[in-house]
Every structure is written in C-alpha cells, then in structure tokens.
Amino acid sequence: MQQVERIDDILKRYEGQNVYVVIEVLSVDKRISKPLTGRLLGVTPDREEARRLARQVQFVMIRWVGEESEVIIVHANNSL
Amino acid sequence: MPTIPFDPRRRLIQVPVIVTVNGQRQGLTFILDTGAAQSGLSQSVLTDIGINWQSADRFARVSTASDNISVPIVTIPSLEVFGITFTNLSVLALPFPIGVTADGVLGFDLLSRFWLFINYRRGLLVAEPMNRFFHRFALVWQIFRAW
C-alpha cells in the first residue's frame, strides 16, 4: 500500500515522463474543489491501463504528465 | 471565498473540477476559456468516468482554431467547481488531442454564474457565486488582497 502524499508532490515526481499518473484522492479543499492529498495507484503510458486502475477506488484522479499540446479554442454555434 | 492560484507563465488558467458519475468521483482539471460558449469535457475523460458519449442524440457545431466540427452533447450528473455543485449539466464531448494537460474547458455557461477577478501578474483567480449577494463585500476584500 502506497503512503499518503500531497498530490502536487506525486505529480511533480513524474513530470515530463509522458505517462498517466493514477491517484486515489483522500482529501479535498472544499472551497475550490481541489484534491489535496492522495495515494498513488499506478503510473502507466497506457490510457486503458490507467482507466482500469481508476476503477478500483471511489475518488480518483488520472493526470497526464508529459509533453503538452497547444490549447484549444472552442466556440459552440448552437446553444444547448 | 475561492481564491485559486495559477501559473501565469503557462499562458492559461487551469482550475480544479470534481465530477461525480455513478458514485465515483474524479478530480479533473479544466482550462478557463472565456472564448468558449459552452463547457466541455475531453472524450477520453468522458469514457474514463463512464459517460457513453458515442450514443449521444444531441449535437452542437463547434469551431476550433483549425476546424468546424459537430460534437456530441452529454449530461453530467454532478460537476463541482469553485466549491459549487451543478447537477444534470449539459456539456460538449470534445475531441482533445493527446498531450492537452486539461480534462475540459470551463466556458461561458458556467463562468457566467460567478463573479470573477483575475490577476494575471500575480497568478490569482478569485471566484464567487453570483447569487451570494452578501458575499460581494468579501469579494471586494479578496480582490483588494489579490491586487
């Protein structure tokens, strides 16, 4: 069983490695809806594998850490 | 009073969002996009959280920087942002390219529910729900502090 850590610290450890980091979220800053601490479930370059790991827990984060693409501009022409 | 720090060197504002589907909660990251009319989630993320966007029966035309495409509209049972929970929210299922570090975009439909103050120089975003009239003074104080 992995230890409880700050989620920012976990993500920093794998920065730039082009992998999905899967974390079980254990606490949240309710004012800003931000996950604060968690437990590492796994690290994988495969999205399917990340998805499988995520299914094990009730509150999860899957975060891509690696090369970044440019940001998208979106405009929906018809309202929902 | 939600005050969210962001890294201004990244040239975008990312905010934490929590989505709940079938009892499972996912901690996600959205890009604050003042140019987006509607909020949306990446199609991969929708699949992760168990939303079947491929069988959607509603669609919207979407303009991106390079294309004009039709994307499915899906309903998210619960989405929490800046401490406020929205239920049964219609969002776009967006085809994000690999490498986009965000899981979705926060567009006008949700942003318009908040008072927002952004200090780009210091990398601070202050958000307060519109309906909390008596919190406006607190918002002014928060903005003053973030100045």
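Scroll up a little and you will see the structure.
What you see is a predicted model; the values in this text were computed from it and never measured. (Residues numbered from 1 in each chain as written. Chains lettered and ligands numbered in written order. Predicted model: local features only at pLDDT ≥ 70, side-chain atom pairs only at ≥ 80, totals over all residues. Heavy atoms only, no water.)

Trainee: Sorry, what's going on with the nonpolar core here?
Mentor: For soluble globular proteins, nonpolar side chains are generally found buried alongside one another. Counting 34 residues, the largest nonpolar core has L41, L46, I76, L79 and F82 of chain B as the members making the most contacts within it. Mapped onto this core, the elements with two or more residues apiece are strand 2 (14–21), strand 3 (24–32), helix 1 (43–48), strand 6 (68–81), strand 7 (84–94), helix 2 (108–111) and strand 10 (124–129) of chain B. Broken down by element, the residue count for this core peaks at five residues, all from strand 7 of chain B. Apart from residues no more than four positions distant in its own chain, I76 of chain B is found in contact with V19, L41, L46, I49, I51, T87, N88, L89 and V91 of chain B. I7, L11, V25 and L40 of chain A belong to the second largest nonpolar core, which has 13 residues in total. (Core = buried A, V, L, I, M, F, W, Y, C linked by side-chain atoms within 4.5 Å. Buried < 20%, exposed > 50% of the residue type's maximum accessible area, 1.4 Å probe, protein only. Helix = DSSP H or I, 4+ residues; strand = E, 2+ residues; numbered from the N terminus. Contact = heavy atoms within 4.5 Å.)

Trainee: Would you mind showing me how to read the interface of chain B and chain A here?
Mentor: Of the residues lining the interface, 51 residues belong to chain B; the matching set on chain A comes to 33 residues. When chain B packs against chain A, the two sides together hide about 3,400 Å² of surface, and 53% of this comes from carbon and sulfur. Across the contact surface, chain B and chain A share three salt bridges. At the junction of chain B with chain A, the criterion picks out 13 residue pairs in polar contact (both at pLDDT 80 or more). Of all elements in the fold, only strand 1 (3–5), strand 2, strand 3, helix 1, strand 5 (59–63), strand 6 and strand 7 of chain B reach the threshold of two or more residues within the side of chain B that touches chain A. Sorting elements by how many residues they give to the side of chain B that touches chain A places strand 3 of chain B first, with seven residues. In the side of chain B that touches chain A, the residues fall into 26 nonpolar, 17 polar and eight charged. Two elements, strand 4 (residues 59–65) of chain A and strand 3 of chain B, share two bridges in a ladder whose sense is parallel. (Buried area = accessible area lost by both parts, 1.4 Å probe. Salt bridge = Lys/Arg side-chain N within 4 Å of Asp/Glu carboxyl O. Polar contact = N/O pair within 3.5 Å; in protein donor to acceptor, adjacent residues only side chain to side chain. Nonpolar A, V, L, I, M, F, W, Y, C, P; charged D, E, K, R; others polar. Pairing = 2+ DSSP bridges.)

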